[in-house]
Amino acid sequence: MSGTHPTDDSLDANLAAVRRLVQIVAELRHPETGCPWDLAQTAESLIPHVIEEAYETVDAIRSGDRDAMAEELGDLLLQVVLQAQVAKDNQEFSLTEVANTISEKLVRRHPHVFGDVQVNNVQEVRQNWEQIKAAEKGETNADNQKLSKKLSRYARTLPPLTGSMKISQKAATTGFEWDDANGIWEKFQEEVQEFQQALAQESSSRQQEELGDLLFVMVNLARWYGLDPSEALQDTNHRFVRRFSQVEALADKPMDSYSIEELEAFWQQAKQYLKSNQ
């Protein structure tokens with residue numbers, strides 16, 4: 001392979017650091033001398049921590065804070081090692097199998113690096129990747145190549161907003177698409193009415209279903225206009241917190257002692273203050 005490679009010293013340091021982490025986690029899970037919290041964990045109970053650490057890692061990357069990135073990547077790595085240790089304790093698999101599996105996958109899916117396949121651009125790399133991936137999963141016959149198989153995987157594995165965007169993007173490539181934006185706006189109005197009707201007359205499960213339909217149409221509107229709904233909601237969350245913090249600064253008594261009209265006045269002051277201090 002060409003390119004810059006880590007020195008032997010850095011590889012040794014990396015291996016030593018990972019080995020230390022593995023040993024620490026093993027001690028935490030020791031049935032007699034370990035930590036009660038760590039011993040109580042299962043693969044399922046750790047799921048919220050995996051998700052939380054992944055999002056905190058993304059936030060650190062976006063912030064550009066290198067120290068925060070290193071810390072959050074460490075927290076995320078801990079979740080991988082801890083999951084592997086739980087599996088090892090249950091005699092299912094170990095970190096060795098986890099690392100070997102991904103290493104073998106990377107070699108298989110990069111024949112232009114580890115084999116004699118020639119590629120000319122990133123698009124060809126992606127095409128090769130998808131073909132190899134499909135073959136690995138047995139998706140070679142017509143039934144397994146149906147788009148619905150991929151859409152199902154997106155629905156199962158991706159965060160809801162991201163999954164909705166991916167599903168709508170892929171479906172649109174088959175022609176399953178509105179002729180223009182007016183069609184989506186009409187569908188949006190239809191879903192708003194159906195949601196309102198469900199709230200007034202139907203069960204909570206139907207209300208939940210109609211809310212999902214409304215959100216899915218909003219994702220399609222975002223896609224049509226080239227917007228990212230996940231980024232938009234993330235920005236709104238941060239903006240709300242900044243404004244709420246300013247409202248708290250304006251209040252000189254407990255928040256719940258104000259009327260909604262007074263709080264709204266604080267909110268408008270907060271908006272104006274933050275806008276003028278951008």
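Residues numbered from 1 in each chain as written. Predicted model: local features only at pLDDT ≥ 70, side-chain atom pairs only at ≥ 80, totals over all residues. Heavy atoms only, no water.

(A) Representation of a nonpolar patch on the surface in the model. Together, Val18, Leu77, Val80, Phe93 and Val98 give the surface a local cluster of nonpolar side chains, amounting to about 350 Å² of exposed area. One can find Leu77 in helix H4 (residues 66-89). (Patch = residues over 30% accessible without salt bridge, like charges linked within 9 Å, V, L, I, M, F, W, Y side chains within 5 Å. Areas by Shrake-Rupley, 256 points an atom, 1.4 Å probe, with all protein chains shown as cover. Salt bridge = Lys/Arg side-chain N within 4 Å of Asp/Glu carboxyl O. Helix = DSSP H or I, 4+ residues; strand = E, 2+ residues; numbered from the N terminus.)

(B) Fine view of the pattern of salt bridges. As enumerated under the stated definition, the model contains 10 salt bridges in all. Linking Asp89 and Arg29 is a salt bridge whose minimum nitrogen-to-oxygen distance equals 2.9 Å. On the criterion of sequence distance, the pair formed by Asp89 in helix H4 and Arg29 in the loop between helix H1 (8-28) and helix H2 (36-40) is long-range, its members being 60 residues apart. Its relative accessible area of 8% is what places Arg29 among the buried residues. (Buried < 20%, exposed > 50% of the residue type's maximum accessible area, 1.4 Å probe, protein only.)

(C) A negative patch on the surface, seen in detail. Side chains of Glu52, Glu56, Asp59, Asp65, Asp67 and Glu71 sit close together on the surface and give a patch of like negative charge. Every element with two or more residues in the negative patch is listed here: helix H3 (47-63) and H4. The element contributing the most residues to the negative patch is H3, with 3 residues. (Lys, Arg positive; Asp, Glu negative; His and termini not counted. Charge placed at Lys NZ, Arg CZ, Asp CG, Glu CD.)

(D) Local environment of helix H10 (residues 181-201). Here H10 contains 21 residues, and its C-alpha end-to-end distance of 30 Å stays within 8% of the 30 Å for a straight helix at 1.5 Å per residue. Those residues of H10 not exposed but buried are Ala181, Gly183, Ile184, Phe188, Glu191, Phe195 and Ala198. For H10, the angular spread of the buried residues around the axis is 140 degrees, confining them to a single face. Looking at H10, the residues exposed on the side facing more than 90 degrees away from the buried face are Asn182, Glu186, Gln193, Ala200 and Gln201. Considering only its buried residues, H10 is in contact with helix H11 (204-224). (Expected span 1.5 Å × (residues − 1). Arc of directions from axis to C-beta. Contact = heavy atoms within 4.5 Å.)

(E) A look at the packing of aromatic side chains. Counted according to the given criterion, the structure contains 4 aromatic pairs. Consider the rings of Trp185 and Phe188, whose centres lie 5.8 Å apart with planes at 85 degrees: the pair is edge-to-face. With a gap of 3 residues between them, Trp185 and Phe188 both fall in helix H10, about one helical turn apart. Phe188 gets classed as buried once you look at its relative accessible area, which sits at 18%. Three or more aromatic residues link up through ring pairs in this structure, and these residues are Phe240, Phe244 and Trp267. Of note, Lys253 hangs over the ring of Tyr258, and the distance from its end group to the ring centre comes to 4.8 Å. (Phe/Tyr/Trp six-rings, centres within 6.5 Å; stacked < 30°, edge-to-face > 60°. Lys NZ or Arg CZ within 6 Å of the ring centre and 35° of its normal.)

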